[in-house]
Amino acid sequence: MSSSATTTDHKTIRNWVESRKGRPAVVKGTEGEDGEGILRIEFRHADKLEDVDWTEFFDTFEDRKLAFLHQDKTADGSESRFFKFVKRSD
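Residues numbered from 1 in each chain as written. Predicted model: local features only at pLDDT ≥ 70, side-chain atom pairs only at ≥ 80, totals over all residues. Heavy atoms only, no water.

Asker: Looking at this model, I keep getting lost on the packing of aromatic side chains. Mind explaining?
Answerer: The geometry of two aromatic rings is summed up by the distance between their centres and the angle between their planes. If you walk through the whole model with that rule in mind, you get 14 aromatic pairs. Aromatic side chains Trp 16 and Phe 83 sit 6.2 Å apart centroid to centroid with 65° between the ring planes, which places their arrangement in the edge-to-face category. Here Phe 83 lies in strand β6 (residues 83-87) and Trp 16 lies in helix α1 (residues 10-19), a separation of 67 residues in the sequence. For Trp 16, a relative accessible area of 5% gives the class buried. (Phe/Tyr/Trp six-rings, centres within 6.5 Å; stacked < 30°, edge-to-face > 60°. Helix = DSSP H or I, 4+ residues; strand = E, 2+ residues; numbered from the N terminus. Buried < 20%, exposed > 50% of the residue type's maximum accessible area, 1.4 Å probe, protein only.)

Asker: So what exactly am I meant to see when it comes to the sheet that holds β6 here?
Answerer: The pairing of strands in a sheet comes from backbone hydrogen bonds and takes either a parallel or an antiparallel form. Here three strands make up an open sheet; going across it, the order is β1-β5-β6 and the pairing antiparallel. With one partner strand each, in any of the chains shown, β1 (4-7) and β6 form the two edges of the open sheet. In this sheet, neighbouring strand axes are inclined to one another by 25° on average, regardless of whether the strands run parallel or antiparallel. Bridge count for β1 against strand β5 (residues 66-71) is four bridges, and the pairing is antiparallel. Considered in β5, the bridge of Ala 5 is made with His 70. Packed onto the sheet, α1 meets β1, β5 and β6 and runs at close to 40° relative to β5. Each of β1, β5 and β6 touches helix α2 (residues 54-63); the most contacted strand, β5, lies at about 110° to it. (Pairing = 2+ DSSP bridges. Axes fitted to C-alpha atoms, helices over the stretch in contact; angles between N-to-C directions. Contact = heavy atoms within 4.5 Å.)

Asker: Would you mind going over the pattern of salt bridges with me for this structure?
Answerer: Scanning the entire structure with this criterion turns up five salt bridges. Among the salt bridges present, the one from Asp 72 reaches Arg 20, with a minimum N-O distance of 3.8 Å. Of this pair, Asp 72 sits in the loop between β5 and β6 while Arg 20 sits in the loop between α1 and β2 (23-27); the two residues are 52 residues apart in sequence, bridging distant segments of the chain. Here Arg 20 falls in the buried class, since its relative accessible area comes to 6%. With a shortest N-O distance of 3.8 Å, Glu 42 and Arg 23 are connected by a salt bridge. Highlighted residues: Glu 42 in strand β3 (residues 39-42) and Arg 23 in strand β2, separated in sequence by 19 residues. One salt-bridge network, in which partners are shared between bridges, spans Arg 23, Glu 42 and Asp 51. (Salt bridge = Lys/Arg side-chain N within 4 Å of Asp/Glu carboxyl O.)

Rendered as structure tokens:
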């Protein structure tokens, strides 16, 4: 059985992403008036994504009051890349 967890801890998020060889990104062309685009995690090169640094990523993450829902292992015990950005339940 697989389970998921939700966190807002920047270190936990960064460690989870980097341990899976991912990097922070935004969708090109989605910048709003605030200059922030739609957040993504990039695991392989995608033309529609633009790499951003962790500072910019977490600034947007906090501005939008997001949380990071993620799964560490799949049902068969393999490393999972499943994640989703969700609104925080304050």
